[in-house]
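Listed here are the chains, written in short residue letters.
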Amino acid sequence: MFVLAIETSCDETSAAVLRTSDPGTRPSKLGTAQEGGTSGTCPPSLSEAPEVLSNIVLSQDEVHAPYGGVVPELASRQHIKSIAAIVGEALTRAGAGLGEIDLYAVTQGPGLIGSLLVGLSFAKGLAYYHKKPLVGVDHLEAHLEACFLENPAIAYPVLGLLVSGGHTALYRMAEPLSYELLGRTRDDAAGEALDKIAKFLGLGYPGGPVIEKLGKDGDPKAFPFAVPRTKDRSLDFSFSGLKTAALKIIRESGVTKDDPRLGDFLASFEEIVARTLVGQVRAAADRVQPRSLVLCGGVARNTRLRTRFQGFARDAGIDAYVPSPKLCTDNAAMVGAVALEMFARRPDRAPDLDLDAYPR
Ligand code: KG4
Ligand code: ZN
């Protein structure tokens, strides 16, 4: 069967076509109770990872760069302009026509409400006209599922770290499509902190990639940052203190965009963000004893974070998975992957034209 997935939650217009030959039952990879997992078999699920036939992503970075962040009204207008062409391109690259699509999938939330509505309305129109089921997908679940597209046999329970521009959170997944929130940021998301520091230094938007590029050869120990500690033993995150510390260092040391110390400063900031994230993964892993770790979301593209995350997993003896970079940032393939999982459980779905977008 073929699924056409659409993602327009923020500032990427994306469409993907996925194919699965057997929406049967994924062989259970759940641990036994003794191993720290839940015993029993998986509910109906995909037996193999779907094949991604196309995954077209049109970024709006150039539209928002002059403002140093996403302008919601510009984002939704840009989605309206691009969506038909992006869906058409996804079909062409996949060698499929709309007549062959068996299932439509779309991001329902969280995200920018105007942007979400563009994708949702477009998907509803297609599902209604072609009389096919439509599945609304949660954007955060989609990020977490991205890893399974490339590694369908990841063993449960899984500890997942989701780090994007809007979210930073830890989840325990006991089985496919089950997400227990263990901790989340109390203020800024990790990506947001990177974006804000880049904006303050006039480095452009999005901040993560530019900080990574300019800090690549910098000394990560050059500037003194301390890992933020929460007073309780919670698995929450907080990045606003780090952001304030970074702004203080910038002001006091006079680091600017053209300063020779810029690379050292950016490497130090990136390093502390990575260490803070991995520190909470370590605390969560101690608590929930996962069989696997996954890292996902736009910030998971970051080499320093990937390296620290994998280094921790190696030391702890836990299998770790990180999606390839294209599947970390917003894309429709991950949305299609969740929809296929949902459809495998409830193949009797009708086109749900009452689906509504949710911002949070
Ligand atoms: O998941 P995503 O595409 O969109 C949201 O759902 O937010 O993540 C976007 C975030 C931005 O904050 C961006 O700066 C960050 O991911 N990002 C990176 C890198 N590439 C994107 N952060 C660090 N290093 C990167 N290479
Ligand atoms: Zn995202």
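In case you missed it, the structure is sitting above this.
Thresholds, definitions, all that
- Residues numbered from 1 in each chain as written.
- Chains lettered and ligands numbered in written order.
- Predicted model: local features only at pLDDT ≥ 70, side-chain atom pairs only at ≥ 80, totals over all residues.
- Heavy atoms only, no water.
- 1 Å grid on protein atoms, 1.4 Å probe; cavity = no way out; pocket = protein on both sides within 12 Å on 5 of 7 lines; lining within 4 Å.
- Points joined across faces, edges and corners; volume = space filled by probe spheres on them.
- Helix = DSSP H or I, 4+ residues; strand = E, 2+ residues; numbered from the N terminus.
- Donors = N, O, S within 2.8 Å, 3.2 Å for Na, K, Ca; no water.
- Buried < 20%, exposed > 50% of the residue type's maximum accessible area, 1.4 Å probe, protein only.
- Salt bridge = Lys/Arg side-chain N within 4 Å of Asp/Glu carboxyl O.
- Core = buried A, V, L, I, M, F, W, Y, C linked by side-chain atoms within 4.5 Å.
- Contact = heavy atoms within 4.5 Å.

## A short note on the layout of surface pockets
(1) Moving on: The calculated volume of the largest pocket comes to roughly 1,400 Å³.
(2) Moving on: Mapped by element, the contributors of at least two residues to the lining of the largest pocket are helix H4 (139-150), strand S7 (168-173), strand S8 (180-184), helix H5 (190-200) and helix H6 (207-214).
(3) Moving on: Taken as a whole, the second largest pocket encloses approximately 250 Å³ of empty space.

## Points about the coordination of the zinc ion (ligand 2)
(1) Moving on: The coordination sphere of the zinc ion (ligand 2), as far as protein atoms go, consists of His139 (NE2), His143 (NE2) and Asp330 (OD), spread over 2.0 to 2.1 Å.
(2) Moving on: Take His139: its relative accessible area is 6%, and that puts it in the buried class.
(3) Moving on: Accessibility expressed as a relative area gives 0% for His143, which makes it buried.

## Notes on the pattern of salt bridges
(1) Moving on: Under the definition given, this model contains 15 salt bridges.
(2) Moving on: Among the salt bridges present, the one from Arg186 reaches Asp232, with a minimum N-O distance of 3.1 Å. Placement of the pair is Arg186 in the loop between S8 and H5 and Asp232 in the loop between H6 and helix H7 (240-253), with a sequence separation of 46 residues.
(3) Moving on: What makes Asp232 partly exposed here is its relative accessible area of 38%.
(4) Moving on: Where Glu271 meets Arg275, a salt bridge forms, and the shortest distance between an N and an O atom there is 2.9 Å. One end of the pair, Glu271, and the other, Arg275, are both in helix H8 (residues 262-288), 4 residues apart, so they sit about a helical turn from each other.
(5) Moving on: The exposure class of Glu271 is buried, given its relative accessible area of 6%.

## Details of the nonpolar core
(1) Moving on: With 49 residues, the main nonpolar core has Leu159, Leu170, Phe225, Phe265, Phe269, Val273 and Leu277 as its most contacted residues.
(2) Moving on: With 13 residues, H8 is the largest single contributor of residues to this core.
(3) Moving on: Among all residues touching Val273, those that are not within four sequence positions of it are Ala190, Leu194, Phe239 and Leu242.
(4) Moving on: Among the nonpolar cores identified, the runner-up in size contains 25 residues, and Ala15, Ile56, Ala94 and Leu355 belong to it.

Any functional reading would require information that these geometric values do not contain.
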